[in-house]
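Coordinates in review
Listed here are the chains, written in short residue letters.
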Amino acid sequence: MHLRWSSLLPILAIPLTSVSVYASPAPGSLALTSSGALYEKRDGSHHHNHHAAPLVELNETEILMYHAPTPPSYYTLDFEDDGYEQRPKSLMIFHGIFMCLAFFVSLPVGIALRSVNHAAHSLATASFYTFVALGCAASGIYRKMSPNMYEGAVHGRQSYIVILVAISLSALDIVAAFHRLFIFLRSPDKSLKSFWRTVVKKESIHLEAGPEYSGIITEEPEDLETAKMMRDSVELDDVNLTDDSDRSHTEQWANAVRQHRRQFSMVSEGTVIGSHSPTHSQDTFLDAKGRQPSSRLGWVYKIGTVTFSVVERSLVVAGFAQLLVGIVTYTGGCRENYINGCLAHLIKGGIFWCYGLLSFARFLGSYAELGWAWNRPPSGDPFTAEFVESFVIFLYGASNTWMERFGASPGDPFTTKQIQHISIAVMFWFAGLLGMGIESKRVRKWLASSTFATTARSSDIPREAVEEPPSYLGSFNPFPALVIGVTGAAMAAHAQTYLFQASRVQIHALWGNLLVAFAVLRCLTYFFLWLGPPRSILPSRPPTEALGSFFLACGGLVFIFSDEEITLAAMRRGRDDVMMFLNVAVAITCLGCCWTLAIVGFKGWLKSRTHSVTYRHAS
C-alpha cells in the first residue's frame, strides 16, 4: 500500500517538493539576481532564456535560487517520514471517499430526483448529509492526531461555507415540507394515503417546482395538428410586400418572422414529454404563472426557482474545487511564489475540465429544453448555448486582463510572460464580445435589414426570397471554439526550462494540442449541422461533440498536471514520462464521462417513469 500511494499521489496532486540536497547558491550565481531575473522570479518562472534549449537534468541549485524549499506536508508525514506506518492515514482516505460520495453521488442524484418531484429526494438529501458528517468526523479525528502541516490553509473554512450553502437550500426544502403539511392539515381528507400523496410524494406541487420544465407545453396530438395549421397560415409567403403604410418593409418582414416563430414555438413538431404525467397532469409553468396573484410575483417566483437551481448545481462544481484544494493542502503545494502559477493551472485547468464534462452532458441530451443539445428548443426563444459560452469567455477575459500584473510594483516594465498572458486575456475579452454580438437577435435583425435597403421596390422581391434559410434553425458561432483553439496553440508553444515541461515537446504541448483538437471538432460539428440543421427537439448527438468534449476535459486535466510543482516532483521521482501522464489523464477523463452518463441517464430514466415519452414519428 505504501508503494502504491507514494507513486500515485505525486502524479494526481500538487506534490511536496522533496529535495534531497538543499544546496546553497554558488558565489558566481549572484549575477543572476538582476532586474530581469527578479521579474522572472515574481512571475513564478525560473526560465531566463526563451531561446535556449530545454534542460534534461534537474538543476536543484537554480530552483532554490527562485523558490524556497517546500516544507514537510501531511503526505510526507503519512508516507515518507519515520514512523509513517503508525500514522492514521486511513482516516484521510475515508474523508476523501465520504466527501466524494456526498458531492458526486448523493448530491447529483438528489438534483435529478428533485427535477421530477420524486419522493426519494429526501432520502438522497439524508444520504448527502450522512456522508458529509462522516467525512467531517474522519477529518476532525485526523487533525487531532496530526500536527498542523499547512499554516493558513483555507480548505476547512471554504468547505464549511459550501456545506452552509447546502444547509440553506435544505432549509427551503424543510419550509416547503411544512407548507405541504399545513395544506394536508387543512384538507378534509386526513387519511394516511392523503398524507403520503400530499406531504411525501408532493403531488400537490405542480411543475412550477421544477425549473427544468419552464416553458415546456405538453399538448395532445389534436392540439398539435390545430397549431400546425395555425403556423402554416402565417408562413412568410403571406407577407404583404406591397403595403404602403408608414412602416418600412424591413419592419414588416421582421415582425412576420417573429410571429412565425411564436406560432411555431407553441407546439414543436414532436415532444418528448407527453401529457399523461401521473403527478403533474397537463399543468405547465405558463399555466402556473397565470395562477400567480400578479405578474410581478410570477417573475419573482421564476427568478427564485432559477436561482435555486443554479446554486444547487453549483454545489457540485464547488465540491470539485474543494477536492483540488484538499489535495493541495494534503500534499503541501501552492506556497510562497509558487502560488500564482499553481492557482492559474488549477483554476484554468479546472474550468476546462468542467466545461468538457458539461459539453459531454449537452451531447447526451442535457439542456435540450433550452435547445442546447444541438436540437431545436421545444418552446420559446431562449439564449443559445453559444451566447452563454461567449458571455463566460468575455467575463473571464475582462477580469483576467488585470490579474497578470498582481505582485508588480508601479512602474515595473511588462515582462514577456505578462505580455503573453495579457494578450490571451484580451483575445478572450473581445472574442467573447464578437460571439455575443453574433448571437444577439437584435444585431441579426439589423444585419438582415441591410439586404432590403439595397432594393428600390418591395415588389421586386420574390415571396420565396424572404423565407428564412435552413441555417437559421441553428447557431453556428465559431468564436468560442476559436478562442480555446488559439489558447491551446499558444500554450503548446510556451517556453519552459526543462525538456519534460518544454514547448512542442512534452506536457504543455500535450494539453495545448488537446484544446486545439476540441476547437477543430467543434468546427466540424458546425459544418455538419450547417449541411443539415436540427429540425427536431430531440438531441441530435453529433459524434464530433462527443470526441471534442472528451479532448477538452482531458486537456483541462493535463493543464492541471503541467503545474511546475507536479512536473518537478515527477522528475525527482523518475516519473517524467509523458505517456504515463496522458494515460492517467485519459483514465480519469473516462471516469468523469462515465459519471456524467450515469447522472444524465438516471435523470432521463426518472423522467421516463413519471412522464409518458412520445416520439411522434421516425426520421
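Being a predicted model, the structure only gives us computed values, none of them experimental. (Residues numbered from 1 in each chain as written. Predicted model: local features only at pLDDT ≥ 70, side-chain atom pairs only at ≥ 80, totals over all residues. Heavy atoms only, no water.)

So, the overall build of the chain
When helices and strands are tallied, the chain shows 21 helices and 0 strands. Looking at the chain alone, contacts between residues at least 24 apart form 81% of all its contacts between residues at least 6 apart. (Helix = DSSP H or I, 4+ residues; strand = E, 2+ residues; numbered from the N terminus. Contact = heavy atoms within 4.5 Å.)

Regarding the state of the cysteines
Considering all chains together, one arrives at 1 disulfide under this definition. With a sulfur-sulfur separation of 1.4 Å, Cys334 is cross-linked through a disulfide to Cys342. Its sulfur unpaired, Cys594 is 6.7 Å from the next cysteine sulfur, which belongs to Cys590. Residue classification places Cys594 among the exposed residues on the basis of a relative accessible area of 52%. (Disulfide = S-S within 2.5 Å. Buried < 20%, exposed > 50% of the residue type's maximum accessible area, 1.4 Å probe, protein only.)

Observations regarding the nonpolar core
Formed by 68 residues in total, the largest nonpolar core has its most connected members in Phe103 and Val558. Taken domain by domain, the makeup of this core includes at least three residues from each of domain 1 (74-206 + 303-332) and domain 2 (337-450 + 472-610). If we ignore the near neighbours within four places in the chain, the residues touching Val558 are Ile507, Leu510, Trp511, Leu514 and Ala585. In terms of nonpolar packing, the next biggest core, distinct from the first, is built from 5 residues, Leu113, Val116, Ala124 and Leu606 among them. (Core = buried A, V, L, I, M, F, W, Y, C linked by side-chain atoms within 4.5 Å. Domains from an automatic or database assignment.)

Focus on the UniProt feature "transmembrane region" (unreviewed entry) in the chain
As recorded in UniProt, the sites labelled "transmembrane region" (unreviewed entry) are residues 92-113, 120-141, 161-183, 338-361, 419-438, 511-532, 544-561 and 581-602. Each end of residues 161-183 is marked by a C-alpha atom, and these two atoms are 34 Å apart; helix forms 100% of the span and strand 0%. For the annotated span residues 581-602, helix accounts for 100% and strand for 0% of the residues, and the straight-line distance between the end C-alpha atoms is 32 Å. (UniProt positions renumbered as here; feature names shortened; annotations may be inferred.)

Structural notes on the pattern of salt bridges
A complete count under the given rule lists 7 salt bridges for this structure. Between Arg114 and Asp173 there is a salt bridge whose closest N-O contact spans 2.7 Å. With a gap of 59 residues between them, Arg114 in helix α5 (residues 89-115) and Asp173 in helix α7 (residues 155-186) connect regions that are remote in the sequence. Arg114 sits in the buried class, given a relative accessible area of 13%. What emerges from the salt-bridge pattern is a single network uniting Arg362, Glu389, Arg522 and Glu545. (Salt bridge = Lys/Arg side-chain N within 4 Å of Asp/Glu carboxyl O.)

Looking at the environment of Leu357
By the element assignment, Leu357 lies in helix α13 (residues 339-364). Spatially, the C-alpha atoms of Leu357 and Thr596 are 7.0 Å apart, while their sequence positions differ by 239 residues.

Structural notes on helix α20 (residues 564-572)
Most of α20 sits inside the fold, with 9 of its 9 residues counted as buried. Count one or two residues on from α20 and you reach Gly574, which has phi positive near 70 degrees.

Quick notes on helix α12 (residues 295-331)
The terminal C-alpha atoms of α12 lie 54 Å apart, and with 37 residues this matches the ideal 54 Å at 1.5 Å per residue to within 8%. Along α12, the largest kink reaches about 25 degrees and is centred on Leu315. Gly332 sits one or two residues past α12 and shows a positive phi near 80 degrees. (Expected span 1.5 Å × (residues − 1). Bend = angle between axes of the 7 residues up to and from the residue.)

Description of the side chain of Arg87
Looking at the secondary structure, you find Arg87 in the loop between α4 (74-79) and α5. Judged by relative accessible area, Arg87 falls into the buried class, the value being 15%. Engagement of the side chain of Arg87 in a polar contact is seen with the side chain of Asp78, the distance being 2.9 Å. A polar atom in the side chain of Arg87 sits 3.1 Å from the backbone oxygen of Met145. (Polar contact = N/O pair within 3.5 Å; in protein donor to acceptor, adjacent residues only side chain to side chain.)

Quick word on the environment of Tyr129
Structurally, the position occupied by Tyr129 is in helix α6 (residues 121-144). Setting aside chain neighbours within four positions, we find Tyr129 in contact with Ala166, Ile167 and Ser170.

Focus on a nonpolar patch on the surface
Taken together, the side chains of Val520, Leu524, Phe527, Phe528, Trp530 and Leu531 make up a nonpolar region of the molecular surface, amounting to roughly 630 Å² of accessible area. The exposure class assigned to Val520 is partly exposed, which follows from its relative accessible area of 47%. (Patch = residues over 30% accessible without salt bridge, like charges linked within 9 Å, V, L, I, M, F, W, Y side chains within 5 Å. Areas by Shrake-Rupley, 256 points an atom, 1.4 Å probe, with all protein chains shown as cover.)

A word on the packing of aromatic side chains
Following the criterion strictly, the structure yields 26 aromatic pairs and no others. Measuring from centroid to centroid gives 5.0 Å for Phe383 and Phe387, while their planes differ by 15 degrees, and the two rings are stacked. Seen in terms of ring centroids, Trp511 and Phe559 are 3.9 Å apart; in terms of plane orientation they differ by 10 degrees. Their pairing is stacked. Linking Trp511 in helix α18 (residues 507-531) with Phe559 in helix α19 (residues 543-561), this pair joins segments that are 48 residues apart in sequence. Judged by its relative accessible area of 0%, Trp511 is buried. Residue Phe559 is classed as buried on the basis of its relative accessible area of 6%. Connected via pairs of aromatic rings, a cluster forms that spans Trp374, Phe476, Tyr526 and Trp530. Lying over the aromatic face of Phe79, Lys89 brings its terminal NZ or CZ to 5.5 Å of the ring centre. Over the face of the ring belonging to Trp374 we find Arg362, whose NZ or CZ atom lies 4.6 Å from the ring centre. (Phe/Tyr/Trp six-rings, centres within 6.5 Å; stacked < 30°, edge-to-face > 60°. Lys NZ or Arg CZ within 6 Å of the ring centre and 35° of its normal.)

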